[in-house]
Amino acid sequence: MNTSEPKMRARAISVDGPLDHRPGGSSSAPSSRNSGGDTVLVMAAGDASSTTTASDSQANLLRGSPSPSPPATGNLPWKDRLHRLVHGPTPPIELSLGPPWMPRFAGWFSNLVPSRWRGAYLTFYHVVMIASLLVWTYLANYAAVTYTVDSRGARVAEVPAEYGCRAQPLLASKCGVLGIDCRPFATRAYTVRCPADCGSARSLSAFYVGGDVAYLVPPVIGNGVYRGDSWACVAGVHAGVLQSAAGGCMRVVPGGEVAGFASAERNGITSLAFNGTYPASFRVEAVAEGDQQWCGTPVGPATAYFYVLLPWLLLGHPSAGHWVVATACYVFYFVIFLGVDAQRSDDFITSAVAQLTPYVAVTLVLVRLVFARILPRPLAAYPVETLGLVLAPALAMLFLEVIQGALPPFTLTSALFASASRATLGLVLLAVFLVAASLQGLSLYRTGTLARTALEYTVGSVLLFAVPPLLSLSPHVHHYMVGMFLMPALRWTRTRTALVFLGVLWGLFMHGIARWGFDSPLTTALAARQAVGLLAGTPRPVWNATATAATDDGVSLAWSLAIPRVDGAGKRIGGNLTDLVGAGGEETAARAGIAAYAVFLNDVEVQRTLRASVTLAVDAGAARGGMIAWTDPMAVRVVPRRGGAMLDSGPVLLVWRNGTTKELPAWKPT
């Protein structure tokens, strides 16, 4: 090569579609095109350009013509080395998929439907899919019938009530003082239909059981006879009336007040014990096989059918946008009506369908920004990559609750490492995240987009996590946000590893929207604490031990209220500084914006008052004034109410009838 000739730059372009999606660009940058299936090398030097195929380039090498090579990194000036470290190699490396995996199968699959029939095939496919989903929906949600015998001995058909795994016969938080808003408690047995996999349901918020706090376990309290606010369907699995894998119908038999509920481990579920008195209870009974039709939830057959039919859309050679949007809509419908723990209430279905329009809109944006850039083209020419690396991980994320239920209880917080039993799981999850981040970071470095991507996500993180506290708000990261916000980081890297990441993140996005909708990324500090459960930080009662005494009327209790210190303009000052204000009550409540104090005795709300004191009757039998029967000790909590919301609960105080008290330490997640 003549040394006086200008230096030439070259890059190889793969045949699996246009790849020049990097930001920027200039008129002197190499261009590319495909001719006859060969990889094309486009040479650029000043104003002159020439084109040669890969075979010509190889021939030149055989003739001994040298090719230019970049200088070694060690020979570069330090500024150039720093620039390369930040911006990647020069010129950036164009990543491509290359030939498809299993090329013979890919060729057979791609040509299975002749090109002239592909439009008709796509129409036929969508008709079959929609009709199938409607049939499965009817069988899963509206075909169940049970039979009972009335007082005259006649066999009567009835439609069972649709329960979710977390449904409670007695929702104590909405029943008011002594359950007055829920009276009279039902005395007639009724039939409910439970979804599949209730055995793995857990409460992600902490809750009180007398003086104890339960977390990441199902609130099933009792054995055989269950407390009225227990999760009924999980109690059915615990009692052996239901099979967790199939769900089905059962009868709920309400009962009255019960003193003491035992704990037991049965059918993979450990129920909780409660030593106090509770005003409502229930039992569960099986429905005889001859007295039910279509009670079993067909989650297994419906899921198998859906998972088998969904990949065949690819045979019609849909565009990337067609395939992604159609798949997303079918998954959305499946999760709502047929998925694990699908909520069958009209309110849930109405609110979920309202999310469909923004869901499709966001999906279209992601198609343009991410999917169209890194998915192989045509999709049907890469069936293993499209179905195995993208669709399969996405569909696996639809069973996120099942996956989590099979693991030890955990939350994605620092508390994951607080317990030795969860430390191994935490380390595995951390290792998986670091490996995935490293692989994607390396790909971004090679394409020269690492610095830009890092800047984008740094700015986004500041906006999400640093700005809301200035507005007295807290960020709340939902898993649909994890998928939606991390997918754009893949748009520069067309690799098979990126396709796997895309499938996982896409599945998180679809599952999150279909199950919970577009929940706000911002929340109040109170709601953020209550989402974790029982953490102090808002106005809360502090027990006044010196004002506690036993009298002829009962045990008198008093408390103070810890409220944030504020200046004359009503703004909070001093961070964690608080004022303790007790006597008077009404003035204190008004200052903190509190409507009333709710007094809970053994988890039952027994009084609402504006005063900062209460007297508890200690009769051994049915207590006076409508109070529940006394059992030593009683767990007492005081919860301020602001509007219709409960604020943070104060510490639990155990009270004996002789006036002895014991304050339990504050609970923290572990």
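Before reading on, note that the structure itself is shown above.
Let me begin by describing the structure that accompanies this report.

This paragraph deals with the sheet that holds strand β17 (residues 292-293). Taking strand neighbours across the sheet as the criterion, the 3 strands line up as β4-β3-β17 in an open arrangement whose pairing is antiparallel. At either end of the open sheet lies a strand with only one pairing partner, and these are β4 (155-158) and β17. Bridge analysis of strand β3 (residues 145-149) against β4 gives 4 bridges, and the strand direction is antiparallel. Residue pairing across strands places Thr148 opposite Val156, the latter belonging to β4.

The tally for this structure, following the rule as stated, stands at 3 disulfides. With its sulfur 2.1 Å from that of its partner, Cys165 forms a disulfide with Cys198. Sign of the S-S torsion, about -90 degrees for the bond between Cys165 and Cys198, identifies this disulfide as left-handed. Here Cys165 is found in the loop between β5 (161-162) and β6 (190-194), whereas its partner Cys198 is found in the loop between β6 and β7 (207-209), with 33 residues between them in sequence. The exposure class of Cys165 is buried, given its relative accessible area of 1%. A relative accessible area of 1% means that Cys198 is categorised as buried.

What follows deals with the side chain of Ser271. By secondary structure assignment, the location of Ser271 is in the loop between β14 (269-270) and β15 (274-278). Separated by 2.8 Å, the side chain of Ser271 and the backbone oxygen of Gly222 make a polar contact.

What follows deals with the packing of aromatic side chains. Under the counting rule described, the total for this entry stands at 17 aromatic pairs. Where Tyr359 meets Phe509, the ring centres are 5.7 Å apart and the plane angle is 15 degrees; that geometry is what we call stacked. Taken as a pair, Tyr359 in helix α9 (residues 356-374) and Phe509 in helix α16 (residues 496-516) lie far apart in primary sequence, 150 residues in all. Each member of the pair, Tyr359 together with Phe509, is buried. Counting every residue linked through ring pairs, the aromatic cluster contains Phe306, Tyr307, Phe334 and Phe399.

Rules behind the numbers
Residues numbered from 1 in each chain as written. Predicted model: local features only at pLDDT ≥ 70, side-chain atom pairs only at ≥ 80, totals over all residues. Heavy atoms only, no water. Pairing = 2+ DSSP bridges. Helix = DSSP H or I, 4+ residues; strand = E, 2+ residues; numbered from the N terminus. Disulfide = S-S within 2.5 Å. Buried < 20%, exposed > 50% of the residue type's maximum accessible area, 1.4 Å probe, protein only. Polar contact = N/O pair within 3.5 Å; in protein donor to acceptor, adjacent residues only side chain to side chain. Phe/Tyr/Trp six-rings, centres within 6.5 Å; stacked < 30°, edge-to-face > 60°.

By themselves these figures say nothing about function.
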